[in-house]
Amino acid sequence: MSSRSSRWAIPLGVSLGVPVGLYVTFLLLGAIPFIQRHFLYVHRLNTLFWHDLDKPEYWGFARNQVTPFSLTTVDDESIYAWHILPLPTYLGHEDELQAQKPGFSDDVAKTVSFKLLRDDPEARLVIYFHGNAGHVAQGYRPDSYHTLTDSSRYHVLAIDYRGFGKSTGTPSEAGLLHDGAAAVDWAMHVAGVPASRIVIMGHSLGTAVTSAVAEHFALQGIEFAGVILMAGFSSLPGLLSSYAVAGFIPVLSPLRSIPPVLDFFQRFIVDKWKSADRLAHVVRLTHTRLRLTFIHAKNDLEIPCHESDALFKAAAGASIHETLDDDSFSSWKETQTLKRDDGTFIATTKAAPDTIIREELVSYGGHNEVITSAAVSLAVMRSFGLDASSSLGDVA
């Protein structure tokens, strides 16, 4: 009997020990800041070997509808960017745009597309902060730009953070904030678009950048037309306790049953990305107007939709100037929520001076395709005040 037991002991020990050993190795490597940031940002994983970002026509854009150029940050990094014209505007100036030399612009201020943005007193701009990995045109990102520009009059500015795509530098929380701020500064001070006609929008990691940028400018008394977060998360330590890479490879979730061990490893997370705290601060700093929208897909397997619940709770709690426990907040939220029969919902709260905070759970889209959802375009329209309270003439 003992010989049979010993015969099974070794393979059983190996089958259990190997994955445990690999997981412990992963945790130990992840505690090293350099490696941790590569795990988090995945900025070296892209398709630049076979995709030329200076030829946006590959992704279905019209010739010179997209102008690739670069921005310079306060710490002297070069940030690669796309300025994407709305097609209705493009159509009205097609001959000029077709005649312009295509590709990367060394002096964007001389381009036709830039002048169309700068010289239009009614121009509206969406600044788009993408998620981790890849570059400005990877995955579903071009599809989301098409969604925003194909039939509207919204310009889009999309950037690659430092270390991503063709941008210089190495990513970090402070660095990505500089990159986002550089995009806004360019829009306001170079292109001349006031914050009241700018929506800042982020997806996944980009929601953390969006939250940081919103707080950065709120501290200066600058308020945007809207702030939109798609598939957001409340903080990086909190997210990693439930996050699964590609939807099935756990990060820190196996440690949740051992809180002291989980707390220990969370202390090694270098970039905290405390979006919930930042957004609550933005709400408290609002003096004139705020349109804050959270959009999440019910079938998101990477970042669970309860993360947007946490963001909504932080922002809404700041707007009602009360600290509610979880049960009290859930009861209050019920009174602000329109539920649908498929388990999705829209929760909305309004507060002085002119603050509207909205959370929408959509049925489909997963983690990535949600960025092409109609809910996103509608959120942009509401941010710009083009909803039912506006005249039809304003929508054109």
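Residues numbered from 1 in each chain as written. Predicted model: local features only at pLDDT ≥ 70, side-chain atom pairs only at ≥ 80, totals over all residues. Heavy atoms only, no water.

Peer 1: Honestly, the packing of aromatic side chains in this entry has me stumped. Any pointers?
Peer 2: What characterises a pair of aromatic rings is the spacing of the ring centres plus the angle enclosed by the ring planes. All chains considered together, the criterion is met by 13 aromatic pairs. Note on phenylalanine 61 and tryptophan 82: the rings are 5.8 Å apart at their centroids and 85 degrees apart in plane angle, and the pair reads as edge-to-face. Of the two residues, phenylalanine 61 is situated in the loop between helix H2 (33-41) and strand E1 (66-72) and tryptophan 82 in strand E2 (residues 78-84); the sequence distance between them amounts to 21 residues. Grouping aromatic residues by their ring pairs yields a cluster made of Tyr58, Trp59, Phe61, Trp82, Tyr128 and Tyr145. The positively charged end of arginine 124 is found above the aromatic ring belonging to phenylalanine 384, 5.7 Å away from the centroid. (Phe/Tyr/Trp six-rings, centres within 6.5 Å; stacked < 30°, edge-to-face > 60°. Helix = DSSP H or I, 4+ residues; strand = E, 2+ residues; numbered from the N terminus. Lys NZ or Arg CZ within 6 Å of the ring centre and 35° of its normal.)

Peer 1: Mind showing me how you'd approach the nonpolar core here?
Peer 2: The nonpolar side chains of soluble globular proteins are, as a tendency, buried together. Ranked by size, the top nonpolar core spans 66 residues in total, and within it Ile127, Trp186, Ile200, Trp273 and Leu292 carry the most contacts. The element that contributes the greatest number of residues to this core is helix H8 (residues 205-218), accounting for eight residues. Non-local contacts of isoleucine 200, meaning those with residues more than four positions away in its chain, are made with Ile127, Phe129, Val184, Thr210, Val213, Ala214, Phe224, Gly226, Val227 and Ile228. Listed in part, the 32 residues of the second largest apolar core include Val126, Val156, Ala297 and Val362. (Core = buried A, V, L, I, M, F, W, Y, C linked by side-chain atoms within 4.5 Å. Buried < 20%, exposed > 50% of the residue type's maximum accessible area, 1.4 Å probe, protein only. Contact = heavy atoms within 4.5 Å.)

Peer 1: Sorry, what's going on with the confidence of the model for the protein chain here?
Peer 2: The predicted coordinates should not be examined in detail at positions where pLDDT is low. Per-residue confidence for the protein chain gives a mean pLDDT of 87; residues scoring 70 or more make up 84%. In this model residues 389-396 is a low-confidence stretch, pLDDT under 50, and it forms five contacts with partners more than four residues away in sequence or in other chains. (pLDDT = per-residue confidence, 0-100.)

Peer 1: Hey, could you run me through the pairing of strand E11 (residues 345-351) in this one?
Peer 2: Counting buried residues along E11, five of its seven residues qualify, which places the element largely inside the surrounding structure. Where strand E10 (residues 337-339) and E11 come together, three bridges link them in antiparallel fashion. Residue pairing in the sheet places lysine 339 in a bridge with phenylalanine 345 of E11. Two successive antiparallel strands, E10 and E11, enclose a turn made up of five residues, where glycine 343 displays a positive phi of approximately 90 degrees. By the bridge criterion, seven bridges tie E11 to strand E12 (residues 355-362) in an arrangement that is antiparallel. Looking at the pairing, threonine 349 lines up with isoleucine 357 of E12. Turn length for the E11-E12 hairpin, with the two strands adjacent in sequence and antiparallel, is three residues. (Pairing = 2+ DSSP bridges.)

Peer 1: Where do I start with the side chain of glutamine 100 in this structure?
Peer 2: Within the secondary structure, glutamine 100 is located in the loop between helix H4 (94-99) and helix H5 (112-118). For glutamine 100, a relative accessible area of 15% puts it in the buried group. If we skip the residues at most four places from it in the chain, glutamine 100 touches Arg63, Asn64, Thr111, Val112 and Ser113.

Peer 1: What exactly am I supposed to notice about the packing of helix H7 (residues 173-190) against H8 here?
Peer 2: Between two packed helices, the angle of one axis relative to the other and the distance separating the axes together describe the packing. Running from N to C, H7 and H8 cross one another at 60 degrees; their axes reach a closest spacing of 9 Å. Judged on the interaxial angle alone, H8 and H7 are oblique. Seen from above, H7 lies across H8 with right-handed handedness. Only Leu205, Val209, Ala212, Val213, His216 and Phe217 of H8 make contact with H7, whose side of the interface consists of Leu176, Leu177, Gly180, Ala181, Val184, Asp185 and Met188. Tallied by class, residues from the contact of H7 with H8 come to ten nonpolar, two polar and one charged. (Axes fitted to C-alpha atoms, helices over the stretch in contact; angles between N-to-C directions. Parallel < 35°, antiparallel > 145°, perpendicular 65-115°, else oblique. Left-handed = near helix turned anticlockwise from the far one by under 90°. Nonpolar A, V, L, I, M, F, W, Y, C, P; charged D, E, K, R; others polar.)

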